[in-house]
Each structure stands twice: as structure tokens, then as C-alpha cells.
Amino acid sequence: MSAEPTIRTSTAAPALEPSSGAIVRRVVSRWPAALGLGVAAALLATGVGDRATLAIGVSAAALCYLAAAAFGRRWVAWASVLGTSLVIVASEAAGIPWWTGVGITALMLLIVSATRGATRAAVPQALALVGFGAVAVTALAIDPQAGLVVAGLALAGHGVWDVVHHRRDEVVPRSMAEACLFLDVPLGLGCIALAFFG
């Protein structure tokens, strides 16, 4: 009696390539990075990437983070993009420096956080605003080329703050941290390059 050879077939499923729908979903999920890069590229291409823009940008970003912490609602960070823009425009229209309006708004946000008992979340954001804001305002007070480098470093440095919040998934939506990162670092480094080679 001869034994018939046993043929074993693999039951493992063949490796599937991602469907076009999965690829589209993956690309669409990167919209915050595309938004940040798009804005950075537009500012650099149109020559709007100057030290004032960078100083306002890093201060506005820090204020958006503070607003989200003060209210304890992540979505407030996105809404604060418009709110911060209005604060800056209203300050200039009232004849006061934009950073004064940002400072007054920050104090009001700290009061909101204190009444909510949320100072533990808001204080680090307020300290970040003071730090980034001080560097930004200093960049406006020094030689234009050096100021552009300082403002660029401040904005690119805020990218570290974005990474921390993105990884921890706290204070602001991850989409905000991602968009901010892909705006801050390329724009900041691009302006530093312009200061030296532009």
C-alpha cells in the first residue's frame, strides 16, 4: 500500500495592496499638513513672509493654544484663528500695537481659565505665549535681517510645541497641531534662508 503524497497548500491570505479608496482616505487624512504647507508656500512665494508676519504668526499660534486651554475645549483652537486675527486687526485699527491686543486677550483668557478652575492647563500655554511673544517682539525691534532670522527661529521653534501637543494629543486638536507644524517649520526656515540668501 503506497501512501499518496500529501500536498499542503498555504492558507495565508495573499498580501493585499491598498484599494484606491484607502489611498484616497489616507491622502485626505493629511489635509492639515497640506493646509500648513500650502499657506507657508503661499506666504513665501508672495513675499509676505517677513519678520512682522512671522512675529504675528507665532504669537497668534500661541494665543490659539491658550484659548483652547482656557476654555477646556480643543475646537476653540481652530475658532481662535479667526478670533486672534480679529484681535490683531482691531488692535491696529484702535492705534495700539498688535502685541498689546494679544497680551490683553491673553490676560482675559487667564481670567476665564481661573474662573473655570483650569489654570493648570492654561499656565503652560500662557508661559509659552510670553516666551514666543517676547522673542517675536524682539525680532521687530532689531536690525531687519537679524530680526527675520530671530522671528524665523521663533516660528520654527513653535514647531516643537506643535509636535509635543500632537504626540500627547492634548489641549488642541491633532489636526491643529499638525497644520501648525507644517506651517511653522517651513515658513520659519524659509524666511531664515531668505535672510541669508534672498
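Residues numbered from 1 in each chain as written. Predicted model: local features only at pLDDT ≥ 70, side-chain atom pairs only at ≥ 80, totals over all residues. Heavy atoms only, no water.

Engineer: Summarise the overall build of the protein; cite the residues concerned and give the values.
Structural biologist: Secondary structure summary: the protein contains eight helices and zero strands in total. For the protein, the N- to C-terminal ordering of α and β elements is α-α-α-α-α-α-α-α. Counting every position in the protein, which comprises 198 residues, the buried fraction comes to 36%. In the protein, 76% of the contacts between residues at least 6 apart in sequence involve partners at least 24 apart. Surface summary for the protein: the accessible area is close to 11,300 Å², and the carbon and sulfur share equals 69%. (Helix = DSSP H or I, 4+ residues; strand = E, 2+ residues; numbered from the N terminus. Buried < 20%, exposed > 50% of the residue type's maximum accessible area, 1.4 Å probe, protein only. Contact = heavy atoms within 4.5 Å. Areas by Shrake-Rupley, 256 points an atom, 1.4 Å probe, with all protein chains shown as cover.)

Engineer: Now, about helix 7 (residues 144-168): what can you tell me, with residues and values included?
Structural biologist: Taking 1.5 Å per residue, 25 residues should reach 36 Å; helix 7 reaches 36 Å between its end C-alpha atoms and fits that length. Directly beyond the C-terminal end of helix 7, a positive phi value near 55 degrees is found at Asp169. (Expected span 1.5 Å × (residues − 1).)

Engineer: How would you summarise the packing of helix 7 against helix 8 (residues 174-197) if you had to cite specific residues and measurements?
Structural biologist: Where helix 7 contacts helix 8, the two axes come as close as 7 Å, and the packing angle between them is 160 degrees. The angle between helix 7 and helix 8 places the two elements in the roughly antiparallel class. Here the hand of the crossing between helix 7 and helix 8 comes out left-handed. When its residues are assigned to classes, the contact of helix 7 with helix 8 shows 16 nonpolar, seven polar and five charged. (Axes fitted to C-alpha atoms, helices over the stretch in contact; angles between N-to-C directions. Parallel < 35°, antiparallel > 145°, perpendicular 65-115°, else oblique. Left-handed = near helix turned anticlockwise from the far one by under 90°. Nonpolar A, V, L, I, M, F, W, Y, C, P; charged D, E, K, R; others polar.)

Engineer: Lay out the packing of helix 6 (residues 119-141) against helix 7 with the relevant residues and their values.
Structural biologist: Relative orientation of the contacting elements helix 6 and helix 7 amounts to 160 degrees, with a least axis distance of 7 Å. With respect to their mutual orientation, helix 6 and helix 7 come out roughly antiparallel. Handedness of the helix 6/helix 7 crossing: left-handed. Contact residues: helix 6 offers Pro124, Gln125, Ala128, Phe132, Val135 and Ala139, while helix 7 offers Gly147, Val150, Ala151, Ala154, Gly157, His158, Trp161 and His165. A per-class count over the contact of helix 6 with helix 7 returns nine nonpolar, five polar and no charged.

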